[in-house]
Amino acid sequence: MQGPDEFYPPYQYGWGWLLLAIGLIALVLIAWALVLWFTRMEKPPKTTTEPQAPVTMDVLTQLRYEYAARIDQIERDYTAGALAPKAANRDLSATVRAFVNEYSGLEAPVLSLSDLQEIGVHPALIDAIQRHYYPSIFRKDMVIDPVAGAAAARAVVSQWY
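Below or above, wherever it landed, is the structure these notes cover.

Conventions adopted
Residue numbers run consecutively from 1 along every chain, following the written order of its sequence. Per-residue local features of the predicted model are confined to residues with pLDDT of at least 70, and side-chain atom pairs are confined, for both listing and counting, to 80 or more; whole-chain, interface and lining totals are unaffected and use all residues. Excluded from the side-chain calculations are hydrogens and water; all other atoms, namely the structure's heavy atoms, are used. In this description a helix means any DSSP run of H or I spanning at least four residues, a strand means any run of E spanning at least two, and both kinds are numbered starting from the N terminus. Burial status follows relative accessibility: with a 1.4 Å probe on protein chains alone, a residue under 20% of its type maximum counts as buried, one over 50% as exposed, and anything between as partly exposed. Whether two residues touch is decided by their heavy atoms; if any such pair falls within 4.5 Å, the residues are in contact. In this description, accessible areas are obtained by the Shrake-Rupley approach with a 1.4 Å probe, and a residue is regarded as covered only by the protein chains that are shown. Salt bridge, as used here: a side-chain nitrogen of Lys or Arg that lies within 4 Å of a carboxyl oxygen of Asp or Glu. Patch definition: residues with relative accessible area over 30% and no salt bridge; like charges joined within 9 Å; nonpolar side chains (Val, Leu, Ile, Met, Phe, Trp, Tyr) joined within 5 Å. Expected helix span is computed as 1.5 Å times (number of residues minus one). The arc in question is formed by the directions pointing from the helix axis toward the C-beta atoms. The set of buried Ala, Val, Leu, Ile, Met, Phe, Trp, Tyr and Cys residues whose side-chain atoms join them within 4.5 Å is what this entry labels a nonpolar core. To define axes, lines are fitted to C-alpha atoms, for helices over the stretch in contact only, and angles between the resulting N-to-C directions are given on a 0 to 180 degree scale. Convention used here: angles under 35 degrees read as roughly parallel, angles over 145 as roughly antiparallel, angles from 65 to 115 as roughly perpendicular, and any remaining angle as oblique. Classes in brief: Ala, Val, Leu, Ile, Met, Phe, Trp, Tyr, Cys and Pro nonpolar; Asp, Glu, Lys and Arg charged; the others, Gly included, polar.

Digging into the overall build of the protein chain
Link 1 in the chain: Across its full length, the protein chain holds 6 helices and 0 strands.
Link 2 in the chain: In the protein chain, which comprises 161 residues, the share counted as buried stands at 26%.
Link 3 in the chain: Taking the contacts inside the protein chain whose residues are at least 6 apart along the sequence as the reference set, 59% of them involve residues at least 24 apart.
Link 4 in the chain: Counting every atom, the protein chain has about 11,900 Å² of accessible surface; 64% of that belongs to carbon and sulfur.

Given below as structure tokens:
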């Protein structure tokens, strides 16, 4: 087989095709960046009426501050009529016990008053449970004013070890 004596180089594409490919890649990258930009999650602005704690607090002080705010909220709900006295005292008891649990690791939410007395916990907790929460929660004829219970809860939070 005899062929031509001269060879032809492969067909060369023009510069226009290369520029078109680069342009398409650039458009895809720009579209991807715009999709990311417009679909990213934005943090909602903080709109709370509670006072914000300073950032420089240590963990235990911050814990006291948070639980004091919870106690204030329960008291506000009670005075506004959103909570019955029995429910307010129950919530105050649960809040104080949760504080003791978080602060010291003592499983106060599941311990009875006699268990807490045997362990020898802080007298403010014993007093609050014995004088305010137990009578109001467990006795039908005796409801203690939750405002006094809130004051006892604040004493526990501020005086706890």
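After presenting the structure, the write-up continues.
Regarding the pattern of salt bridges
Link 1 in the chain: One pass over the structure, following the stated rule, counts 4 salt bridges.
Link 2 in the chain: A salt bridge links Asp91 to Arg90; the shortest N-O distance between them is 3.9 Å.
Link 3 in the chain: Taking the relative accessible area as the measure of exposure, Asp91 reaches 26% and is therefore partly exposed.
Link 4 in the chain: Several salt bridges converge on common partners, so that one network encompasses Asp72, Glu75 and Arg154.

Let's talk about a nonpolar patch on the surface
Link 1 in the chain: On the surface, Tyr11, Tyr13, Trp17, Leu20, Leu24 and Leu27 cluster together into a nonpolar patch covering about 830 Å² of accessible area.
Link 2 in the chain: Along the polypeptide, Trp17 turns up in helix 1 (residues 15-39).
Link 3 in the chain: Taking the relative accessible area as the measure of exposure, Trp17 reaches 60% and is therefore exposed.

What to know about helix 2 (residues 59-79)
Link 1 in the chain: For helix 2, with 21 residues, the first-to-last C-alpha span of 30 Å sits near the 30 Å given by 1.5 Å per residue.
Link 2 in the chain: For helix 2, the set of buried residues is Leu63, Arg64, Tyr67, Ile71, Ile74 and Glu75. All buried residues of helix 2 fall inside an arc of 110° around its axis, so they share one side. Along helix 2, exposed side chains directed more than 90 degrees from the buried face belong to Val59 and Thr79.
Link 3 in the chain: Looking at the buried residues of helix 2, the elements they touch are helix 3 (85-104) and helix 6 (146-159).
Link 4 in the chain: Gly81 sits one or two residues past helix 2 and shows a positive phi near 90°.

Some remarks on the side chain of Ser136
Link 1 in the chain: By secondary structure assignment, the location of Ser136 is in helix 5 (residues 123-138).
Link 2 in the chain: Judged by its relative accessible area of 0%, Ser136 falls in the buried class.
Link 3 in the chain: Not counting residues up to four positions away in its chain, the partners in contact with Ser136 are Pro85, Lys86, Asn89, Met142, Val143 and Ile144.

Digging into helix 1
Link 1 in the chain: The end-to-end C-alpha distance of helix 1 is 36 Å, a good match for the 36 Å that 25 residues give at a rise of 1.5 Å each.
Link 2 in the chain: Of all 25 residues in helix 1, 0 are buried; the element is thus mostly exposed.

A closer look at the nonpolar core
Link 1 in the chain: Phe99, Leu125, Tyr133, Val156 and Trp160 are the most contacted members of the largest nonpolar core, which totals 29 residues.
Link 2 in the chain: At the level of elements, helix 2, helix 3, helix 4 (113-119), helix 5 and helix 6 are the ones that each hand at least two residues to this core.
Link 3 in the chain: Discounting residues that sit within four places of it in the chain, Tyr133 has contacts with Asn89, Leu92, Ser93, Val96, Ala128, Gly149, Ala152 and Ala153.

Quick word on the packing of helix 2 against helix 3
Link 1 in the chain: It is the contact of helix 2 with helix 3, at a shortest axis distance of 10 Å, that shows an interaxial angle of 175°. Judged by the angle between their axes, helix 2 and helix 3 are roughly antiparallel. Two secondary-structure elements touch here, helix 2 through Leu60, Leu63, Arg64, Tyr67, Arg70, Ile71, Ile74 and Tyr78 and helix 3 through Pro85, Ala88, Asp91, Leu92, Thr95, Ala98, Phe99, Glu102 and Tyr103.
Link 2 in the chain: Tallied by class, residues from the contact of helix 2 with helix 3 come to 12 nonpolar, 1 polar and 4 charged.

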